[in-house]
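Commentary on secondary and tertiary structure
Read off the chains here:
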Amino acid sequence: MHTDQLIHSLTHDLQPTPRDLVPRLIVYALCIGLAAALLILVLAYGLRDDLNTAFFSWPFWMKWTYAMSLGLTAYLLIERLARPGTQPGWLLLLPLLPIAMLTFMAIRTQLSLPEHARMATWLGHSYTYCSWNIGLLSIPIFAVLCRALRRAAPTQLRTTACVAGLMAGAIAAFVYGLFCTESSLSFVSTWYTLGILLPALVGAVFGNTLLRWE
């Protein structure tokens, strides 16, 4: 077989990839992962008893806004990283913005408190397990995201998996807010952030395996 014939045999049935393939893969994965995380939350933890009133409170929306902002910045990065040959550039710094803003607000609030109240406000009553719970809820989201990204064509596997973990952690924190009653800025900026970063760390370490091309 001549070279031209070989090339033709390999390419004659190829179809162009839809331009919206990557966003569709990500959105479908997020819907499945979100549904799974919600199911786990309801079955394993339950919803907070005062959800009807908490839904209209500032602390509740503070946690949701923080999680959603990190999820959105991660999506902007994933949408680029899932395509071969693209460079995220300065977008890699985007997730630092909500983290820095909340940390700044938390420090200001902590300094305004009496010294004897600062530790209790920071630790709350669930610091020993909050981050781990968010990490556990992120597992199904992270798994389906990795599965979807393997159907795309990322070339920076560790970075892509790290950002996918960040997105999974952010959505898990969003879901966990339906159960968690902690309300201080310092608690959320510390323990929620650690929980969100757990799957990001897993992605950074094991990204080459998790996103190996199919």
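Above this note sits the structure.
The present account deals with the structure reproduced in this document.

On a plain count of helices and strands, the protein comes out with 9 helices and 0 strands. What you see in the protein, going N to C, is helices and strands ordered as α-α-α-α-α-α-α-α-α. In the protein, which comprises 214 residues, the proportion classed as buried is 41%. Look at the contacts in the protein between residues 6 or more apart in sequence, and 83% of them connect residues 24 or more apart. Of the roughly 11900 Å² that the protein leaves accessible, carbon and sulfur atoms contribute 69%.

Put simply, the largest pocket is a space of about 260 Å³. Of all elements in the fold, only α2 (21-45), α4 (58-81) and α8 (157-176) reach the threshold of two or more residues within the lining of the largest pocket. At 5 residues, α4 tops the list of elements feeding residues into the lining of the largest pocket. For the second largest pocket, the calculated volume is near 180 Å³. Per-element tally for the lining of the second largest pocket: the top contributor is α8, with 5 residues.

Within the secondary structure, Lys 63 is located in helix α4. Residue Lys 63 is classed as buried on the basis of its relative accessible area, which comes to 1%. With 129 residues separating them along the chain, Lys 63 and Tyr 192 place their C-alpha atoms 8.6 Å apart. In this structure Lys 63 touches Arg 48, Cys 180, Thr 181, Glu 182, Val 188 and Tyr 192, once residues within four positions along its chain are discounted.

Once that is clear, we can look at the packing of α2 against α8. Following both chains from N to C, one finds α2 and α8 inclined at 40 degrees, their axes separated by 10 Å at the closest point. With respect to their mutual orientation, α2 and α8 come out oblique. Viewed along their axes, α2 and α8 form a crossing whose handedness is right-handed. Residues Ile 26, Leu 30, Leu 34, Ala 37, Leu 38 and Leu 41 of α2 form the contact with α8, whose own contacting residues are Met 167, Ile 171, Val 175 and Tyr 176. Across the contact of α2 with α8, the residue classes tally to 10 nonpolar, no polar and no charged.

Cut-off values and rules
- Residues numbered from 1 in each chain as written.
- Predicted model: local features only at pLDDT ≥ 70, side-chain atom pairs only at ≥ 80, totals over all residues.
- Heavy atoms only, no water.
- Helix = DSSP H or I, 4+ residues; strand = E, 2+ residues; numbered from the N terminus.
- Buried < 20%, exposed > 50% of the residue type's maximum accessible area, 1.4 Å probe, protein only.
- Contact = heavy atoms within 4.5 Å.
- Areas by Shrake-Rupley, 256 points an atom, 1.4 Å probe, with all protein chains shown as cover.
- 1 Å grid on protein atoms, 1.4 Å probe; cavity = no way out; pocket = protein on both sides within 12 Å on 5 of 7 lines; lining within 4 Å.
- Points joined across faces, edges and corners; volume = space filled by probe spheres on them.
- Axes fitted to C-alpha atoms, helices over the stretch in contact; angles between N-to-C directions.
- Parallel < 35°, antiparallel > 145°, perpendicular 65-115°, else oblique.
- Left-handed = near helix turned anticlockwise from the far one by under 90°.
- Nonpolar A, V, L, I, M, F, W, Y, C, P; charged D, E, K, R; others polar.

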